[in-house]
Amino acid sequence: MSPTPAPTPQRVCGYGVNLGADFAGCPGTLVPGRTRCLAHVTDAGRDAYLAGLTPGADIDHRNTVFAGPLLASLLNALHDPAGSTNRTGVADFRGAQFTRDACFDRTLFSGDARFDGAEFTGEATFDTAEFLGDAGFRRARFAGPAAFLHARFAAQASFSGAEFAMSGTFRRTRFGGDTDFDGATFLDLTVFDEAQFLGDTAWFDGASFGGLTSFSAMRASGRISFAGANFANFASFDGVELSEHAEFEAAKFSSTANFHGARVLGTAGFDEVQFSGPARFSDTRFAGVTTFYKARFAEDAEFGGARFSRDAEFSEARFPLTAHFGPLTCAGTVDMSGAVFDTPVTWEIAAKAVRCERTRWESTATLRLRFAAVDLSHAVLLFPLAVTTHHTRFVTGPHSAVVDENLPAGSRAGVRMASMRGVDAAHLVLTDIDLADCLFTGAFHLDQLRLEGRCTFAPTPTGLHRRHVLWPHRWSRRRTLAEEHHWRAQTAGQPAPPAGRPPSPRTWRTGPHHPDPDLTPDPEDVATLYRQLRKAFEDGKNEPGAADFYYGEMEMRRHDRADTTAGERFLLWGYWLLSGYGLRASRALGWLLVAVAATVVLMMGLGLPDSSPEQVATGTVPAGGGQVTLTVDKEDPRLTLPVGDRFTGERADKAVQVVLNSVVFRASGQDLTTWGTYTEMVSRFTEPVLLALAVLALRSRIKR
């Protein structure tokens, strides 16, 4: 027969176990050396236990009910007269119930402090308390106000799953280690003003804030996260300073969210955040990459005076009621790709780049920009959109304070359009925009594009070049499209410049897919772009601009071997050679002078006879008198002079008279040899045409 096992020592109080079948007895931890917990031990036993405590002693009162003055008696037993504080070692109050006010003010917890699952029915105060070890308040419930004013947590502090039914105040609280408020619930006023989170992480993921919430002037040295947090009322983060990553992914702000004057020194994530009320980020500073991916701003989004030291991403964000966005500055790229603006809006942005790929404007919009390279690829414009260069610094606020534009020196160029691919340009207005590198391929209704102010295009290469190694030439100065640059650079086998180096003005600019011919626009495509944009210049009464684009169209047609026939290309080559498509007056006048000189030389050498032939009248006089009939003959002009005698001043004067009459399409009346007659016929056709082409070219340059 096996021996009877020894009875298991009693571990919990068990008081009241016989009161009812549903009551298992008090679960409180036993007082050392006693059979009951501190709440149910005899008075003598309690007094003896308290008398044996010294400041800094470990205490274990899990699941104990603290009613009346019991807590005060316990803390008085731990009072340290030297430091005027209550000092404990390891303090274990897990599952404890504080039925009245619980005052832990000025208590020093030199060991771990465990309040996990504790319930505070009345007010709970930990003002100026110090926690030198880990502090745990997981799933603790504060039914009354909870105050941790000026409290100090030296190690880890966890409030995950805690519930604050009334106000929770952590003003000027210092968290020295990792802090965890994941899933905590704050049903009333929540205050973390001037709190300091000095650990590596501070977690508020999934926390719920039902009342007014303030983190004003809060400081966090490590990562802080509010992912999935819910702010049902006004939330203030004014003046916070966050040294590392700040995460607000999928958080919900049901009322006003204030971040005025906030400083985020690391990255910041507001992805998929829902701002149901006004979102105020005025005068904020973001030192790292900041993202608002798929964020929704149900009311106004204020970013006046905000400054982003790196990229700011608002891709696929939604702005139903935002009327004014900015003014803000960004040293990197402001990415608005896929964002939607439902109402009339004005942007004011000073940035290195603004990306608006697939951005959708449901109403009118004005983009006032400084320094930025703008990408409008596949943007959707349902109403007029104006993109304009703002030449003066932005101002913000009621006192018109000048916005700080502390951007890198390389970013301070004019506003450039990088791409309009896939855009319906019928509603687009560009004012004072640099279009030198703009890609127009794939855009629609470019003939309806409005160009206001001084919109510039890429010039042709400067300097003297050699065609086929031998023939020196210069490119005529004109406005050109980036697509022509890319095609010419690709066909010429021109190498791309090193990354980060601006293109040389002496060469054609290479494209983004250089030198791939399959991804480089063909002359046919470029000619279509020139044709449509020429119409835009003509509608704007800019004849010189239209003339340049007509020249570009003809150039592309001349080089197009796919859709331009050989005969048409031959005519275009002649048209280009004689007068630059009727747009180069100097070329037409040069050929005119050559034609005049050649005609003069031909007239002197072959066209003028030795002298003017004399007329000879012959006839017969009837014997009986009567009518006399005379026949007047004239000798054919003949040239028999030696070659050396043909080039004299007198003959040159006659030749010049013949040529000048030919230029104005008049017959000179000068007797000419057969060679001279045909020469004059040719000159009477070619020289007036060349003169007309020169006049046409001059007119295209001066007409408005």
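Placed above this text is the structure.
Report follows, based on the coordinates.

1. Section: a negative patch on the surface
- A contiguous patch of negative charge on the surface is contributed by D522, E524, D525 and D563.
- Inspection of the secondary structure puts D563 in the loop between helix 5 (543–559) and helix 6 (566–579).
- The class of D563 is partly exposed, set by a relative accessible area of 49%.

2. Describing the sheet that holds strand 39 (residues 279–280)
- Spatial strand order, 7-11-15-19-23-27-31-35-39-43: 10 strands in an open sheet with parallel pairing. In this open sheet, the two strands that pair with only one neighbour each are strand 7 (102–103) and strand 43 (301–302).
- Looking at chain direction, strand 15 (residues 146–147) and strand 19 (residues 168–169) are connected through two bridges and run parallel. Note that in strand 19 the partner of A146 across the bridge is G168.

3. Looking at the pattern of salt bridges
- All told, the structure shown has 30 salt bridges when counted by the stated rule.
- Between R368 and E348 there is a salt bridge, and its shortest N-O distance comes to 3.3 Å. Of this pair, R368 sits in strand 51 (residues 365–370) while E348 is found in strand 49 (residues 345–355), placing the two residues 20 residues apart along the sequence.
- When its relative accessible area of 33% is taken as the criterion, R368 is described as partly exposed.
- Of the charged contacts in the structure, one is a salt bridge between D548 and R479, with a shortest N-O distance of 2.9 Å. Remark: R479 occurs in strand 63 (residues 479–480) and D548 occurs in helix 5; sequence separation between them is 69 residues.

4. Here we look at unusual backbone geometry
- Across the junction of G326 and P327, the peptide omega takes the value 0 degrees, indicating a cis bond.
- As for its position among the elements, P327 is in strand 47 (residues 324–335).
- Each neighbour pair has its own omega, and for H514 with P515 the value is 5 degrees, a cis peptide bond.
- Along the chain, P515 turns up in the loop between helix 3 (482–491) and helix 4 (523–539).
- Phi is positive for A217, which is not a glycine, with a value near 60 degrees.
- Residue placement: A217 occurs in the loop between strand 27 (213–214) and strand 28 (219–220).
- A217 sits in the partly exposed class, given a relative accessible area of 27%.
- Although it is not a glycine, H378 sits at a positive phi angle of roughly 60 degrees.
- Mapped onto the secondary structure, H378 falls in the loop between strand 52 (373–375) and strand 53 (380–381).

5. Considerations on the environment of D653
- Examined against the element boundaries, D653 turns out to sit in helix 9 (residues 649–663).
- With 388 residues separating them in the primary sequence, D653 and L265 have C-alpha atoms 87 Å apart.

6. Considering the packing of aromatic side chains
- Under the counting rule described, the total for this entry stands at 105 aromatic pairs.
- Both rings, one in F181 and one in F186, keep their centres 6.1 Å apart while their planes meet at 35 degrees; by these two values the pair is tilted. Residues F181 and F186 agree in their burial class; the two are buried.
- The cationic tip of R558 hangs over the ring face of W573; the distance from NZ or CZ to the ring centre is 4.1 Å.
- Over the face of the ring belonging to Y551 we find R584, whose NZ or CZ atom lies 4.2 Å from the ring centre.

7. A look at a nonpolar patch on the surface
- A contiguous nonpolar surface patch, about 340 Å² in accessible area, is contributed by L577, L578, W591 and V594.
- Elements with a contribution of two residues or more to the nonpolar patch: helix 6 and helix 7 (585–607).
- Among the secondary structure elements, L577 is positioned in helix 6.

8. Digging into the packing of helix 5 against helix 6
- At their nearest, the axes of helix 5 and helix 6 sit 9 Å apart, and the two run at 135 degrees to each other. Accordingly, the angle class assigned to the pair helix 5 and helix 6 is oblique. When you trace helix 5 past helix 6, the crossing you get is left-handed. Across the interface between the two elements, Y550, Y551, M554, E555, R557 and R558 of helix 5 pack against E568, R569, L572, W573, Y575 and W576 of helix 6.
- When the residues that make up the contact of helix 5 with helix 6 are grouped by side-chain class, the tally is seven nonpolar, no polar and five charged.

9. A closer look at the environment of D60
- Of note, D60 is situated in strand 1 (residues 59–60).
- In the structure, D60 is positioned 31 residues away from T29 in sequence and 7.0 Å away in space, judged by C-alpha atoms.
- For D60, the contacting residues outside a window of four places in its chain are T29 and D92.
- Here the side chain of D60 touches R62 through a polar contact of 2.9 Å, side chain to side chain.

10. Quick notes on the environment of K352
- With respect to the element layout, K352 can be found in strand 49.
- Judged by its relative accessible area of 45%, K352 is partly exposed.
- Taking C-alpha positions, K352 is 51 Å from D112, a pair spaced 240 residues apart along the chain.

Conventions used here
- Numbering of residues begins from 1 in every chain and follows the order in which that chain's sequence is written.
- pLDDT decides what is reported in this predicted model: residues at 70 or higher carry local features, side-chain atom pairs at 80 or more are listed and counted, and totals for whole chains, interfaces and linings draw on all residues regardless.
- Processing note: side-chain calculations cover all non-hydrogen atoms of the structure and skip hydrogens and water entirely.
- Candidates for patches are residues over 30% relative accessible area with no salt bridge; among them, like charges are joined within 9 Å and nonpolar side chains (Val, Leu, Ile, Met, Phe, Trp, Tyr) within 5 Å.
- Using the Shrake-Rupley algorithm and a 1.4 Å probe, accessible areas are obtained, with residue cover drawn only from the displayed protein chains.
- Take a side-chain nitrogen of Lys or Arg and a carboxyl oxygen of Asp or Glu: if they are within 4 Å of each other, that pair is a salt bridge.
- For the purpose of counting charges, residues Lys and Arg are taken to be positive, whereas Asp and Glu are taken to be negative. His and the chain ends are not included.
- Note that the charge is assigned to NZ on lysines, CZ on arginines, CG on aspartates and CD on glutamates.
- Secondary structure counts use DSSP, requiring at least four H or I residues in a row for a helix and at least two E residues in a row for a strand, with both numbered from the N terminus.
- Relative accessibility under 20% of the residue-type maximum defines a buried residue, over 50% an exposed one, and the middle range a partly exposed one, all with a 1.4 Å probe and only protein chains included.
- Strand pairing is assigned whenever DSSP detects at least two bridges linking the two strands.
- Whether two aromatic rings pair depends on their centres lying within 6.5 Å, for rings of Phe, Tyr and Trp, where Trp uses its six-membered ring; planes under 30 degrees apart make the pair stacked, over 60 edge-to-face, and the rest tilted.
- Lysine NZ or arginine CZ positioned within 6 Å of the ring centre and within 35 degrees of the ring normal marks a charge as sitting over the ring.
- The axes are straight lines fitted to the C-alpha atoms, using for helices just the contacting stretch, and the angles between their N-to-C directions are given from 0 to 180°.
- Convention used here: angles under 35 degrees read as roughly parallel, angles over 145 as roughly antiparallel, angles from 65 to 115 as roughly perpendicular, and any remaining angle as oblique.
- In this scheme the crossing of two helices becomes right-handed for a clockwise turn of the near helix relative to the far one and left-handed for an anticlockwise turn of less than a right angle.
- Only heavy atoms enter the contact rule, under which two residues are in contact if any of them lie within 4.5 Å.
- Three classes are used: nonpolar for Ala, Val, Leu, Ile, Met, Phe, Trp, Tyr, Cys and Pro, charged for Asp, Glu, Lys and Arg, and polar for all others, with Gly counted as polar.
- Polar contact criterion, stated in full: a pair of N or O atoms within 3.5 Å, where within protein one must be able to donate a hydrogen and the other to accept it, and residues adjacent in sequence count only if both atoms are side-chain atoms.

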